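# Notes for the structure review
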Amino acid sequence: MKARIIDGKRIAAEMREALKERVKSLGHVGLAVIIVGENPASKVYVRNKEKACIEAGIHSEVIALPETTEQDELLERIRALNLDSKIHGILVQLPLPAHIDSRKALDSISAEKDVDGFHPFNVGSLLLGNPGLQPCTPHGVMKMLEREKVEIRGKHAVIVGASNIVGKPMAIMLLHQGATITICNSKTKDLARHTRDADILVVAVGRPNLVTGDMIKEGAVVIDVGMNRLESGKLAGDVDFESASGRASMITPVPGGVGPMTIAMLLENAVEAAARSKRG
Ligand code: NAP
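Residues numbered from 1 in each chain as written. Predicted model: local features only at pLDDT ≥ 70, side-chain atom pairs only at ≥ 80, totals over all residues. Heavy atoms only, no water.

## Digging into the overall build of the protein chain
- Looking only at helices and strands, the protein chain features 10 helices and 11 strands.
- Against the globule reference of 19 Å for 280 residues, the protein chain gives a C-alpha radius of gyration of 19 Å, in line with a compact fold.
- Principal-axis analysis of the C-alpha atoms gives the protein chain an extent of 50 × 40 × 35 Å.
- Considering only intrachain contacts with a sequence separation of at least 6, the fraction spanning at least 24 residues in the protein chain is 70%. (Helix = DSSP H or I, 4+ residues; strand = E, 2+ residues; numbered from the N terminus. Rg over C-alpha atoms; globule rule 2.2 N^0.38 Å. Contact = heavy atoms within 4.5 Å.)

Shown next, in the form of structure tokens:
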């Protein structure tokens, strides 16, 4: 079997185009992005998010703070943005410098402006099946599956990776759509035994070639969330694309798969937050 490629770049572009109309009808949507320090990858991510905002007509404010910023100062900045009626979404780019408690910073963003969907209130609402703002990466994966008309109900979804930002919310979202779920982590014994049983396989670990074709069930839908910068400078996922696409029925490439969807969902969350604030 030669897998059909799920073109995340195209789906994300269509979603971003549709968002432009919503932004226009809302009049003003504002997103603040805080970056602390000089992490080069973070700077690229923030630049890409800013570009995407501008293109969608979203007012974007990037607040770049020095590496030495104290935790209290960061919290004070977030507090001010929470109160700023022109700002509907706030994002703190991770990772933060080691001397800052990331959890404290994320929790201080008001739940209504939490466009990353990381606030405990939003995490809890997702768990209870009454989602508010949802984490962008797994939400983007769900949109892709929906667009590709992948049946989820009654299927076995295996998620490799159990982080708070990808693996865990991914599992909850698929569970709510009627999938039977297996979540694997670094302690999982015999990973292949689990992955081979997946109708839908989502891999979010951060290790190139962790999943190879022989670990995939014939006809499975494979979503590769991994983003690994190889020594050659090339970007690779966690799945060996060549061997996997010989077994899967559909597969996401890296780059051009989940990554662009994450940004599209961030914009959608900013617009959703603005719409909710206008509804009052
Ligand atoms: P993370 O916080 O480091 O979590 C990695 C997860 O993988 C952990 O749950 C860990 O298990 C598990 N794991 C590690 N080794 C494993 C193994 N051998 N077998 C099974 N599970 C294993 O990473 P993350 O933030 O979720 O990101 C994962 C990957 O996705 C990274 O490459 C990241 O760059 C990428 N990512 C991409 C996007 C995008 O937009 N495309 C967005 C976010 C993240 P334990 O819980 O036991 O430690």
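Having seen the structure, we can now continue with the description.
## Focus: helix 7 (residues 167-176)
- Along helix 7, seven of the 10 residues are buried, which leaves the element largely enclosed by surrounding structure.
- Burial in helix 7 covers these residues: Gly 167, Pro 169, Met 170, Ala 171, Ile 172, Met 173 and Leu 174.
- In this structure, the buried side of helix 7 is in contact with helix 5 (120-127), helix 6 (136-147), strand 5 (156-160), strand 6 (180-184) and strand 7 (200-203).
- Gly 178, located one to two residues past helix 7, shows a positive phi value of around 95°. (Buried < 20%, exposed > 50% of the residue type's maximum accessible area, 1.4 Å probe, protein only.)

## With respect to the sheet that holds strand 2 (residues 30-36)
- Here we have three strands laid out as an open sheet, ordered 3-2-4, and parallel in their pairing. Every interior strand has two partners, whereas the edge strands, strand 3 (59-65) and strand 4 (89-92), have only one. Looking at each pair of strands side by side, their axes are set apart by 15° on average, direction ignored.
- As defined by bridge partners, strand 2 adjoins strand 3 across seven bridges and the pair is classed as parallel. Bridging across to strand 3, Val 36 finds its partner in Leu 65. (Pairing = 2+ DSSP bridges. Axes fitted to C-alpha atoms, helices over the stretch in contact; angles between N-to-C directions.)

## Some points on helix 5
- Of the positions making up helix 5, those classed as buried are Asn 122, Ser 125 and Leu 126. All buried residues of helix 5 lie within an arc of 100° about the axis, which places them on one face of the element.
- In the segment just after helix 5, Gly 129 is the residue with positive phi, at about 85°. (Arc of directions from axis to C-beta.)

## As for the sheet that holds strand 11 (residues 250-251)
- The strand order across the open sheet formed by six strands is 1-11-8-7-5-6, and the pairing between neighbours is parallel. The open sheet is flanked by strand 1 (4-5) and strand 6, the only strands paired with a single partner.
- With four bridges joining them, strand 7 and strand 8 (residues 221-224) adopt parallel strand pairing. Across the sheet, residue Val 203 finds its bridge partner in strand 8, namely Asp 224.
- With respect to the sheet, helix 7 is in contact with strand 5, strand 6 and strand 7, its orientation differing from that of strand 5 by roughly 170°.

## A short note on the site of the ligand
- Near the ligand there are 22 residues, and of these Ala 162, Ser 163, Ser 186, Met 227 and Thr 262 occur at the shortest range.
- The backbone of Met 227 places a nitrogen or oxygen atom 3.0 Å from an oxygen atom of the ligand.
- Here an oxygen atom of the ligand sits 2.7 Å away from a polar atom, N or O, in the side chain of Thr 262.
- Look at the ligand: alone it shows 930 Å² of surface, and the protein chains cover 71% of it. (Near = heavy atom within 4 Å. Polar contact = N/O pair within 3.5 Å; in protein donor to acceptor, adjacent residues only side chain to side chain. Areas by Shrake-Rupley, 256 points an atom, 1.4 Å probe, with all protein chains shown as cover.)

## Remarks on the pairing of strand 8
- Going residue by residue along strand 8, you find Val 221 and Ile 223 tucked away on one face and Val 222 and Asp 224 tucked away on the opposite face as well.
- Bridging between strand 8 and strand 11 involves two bridges; their strand directions are parallel. Among the inter-strand pairings, Val 222 is bridged to a residue of strand 11, identified as Ile 251.

## Examining the pairing of strand 4
- Of the two faces of strand 4, the one lined by Gly 89 and Leu 91 and the one lined by Ile 90 and Val 92 are each fully buried.
- In the sheet, strand 2 pairs with strand 4 via four bridges, with the strands oriented parallel. Across the sheet, residue Ala 32 finds its bridge partner in strand 4, namely Ile 90.

So, to be careful, I would describe these as geometric facts and stop short of saying anything about function.
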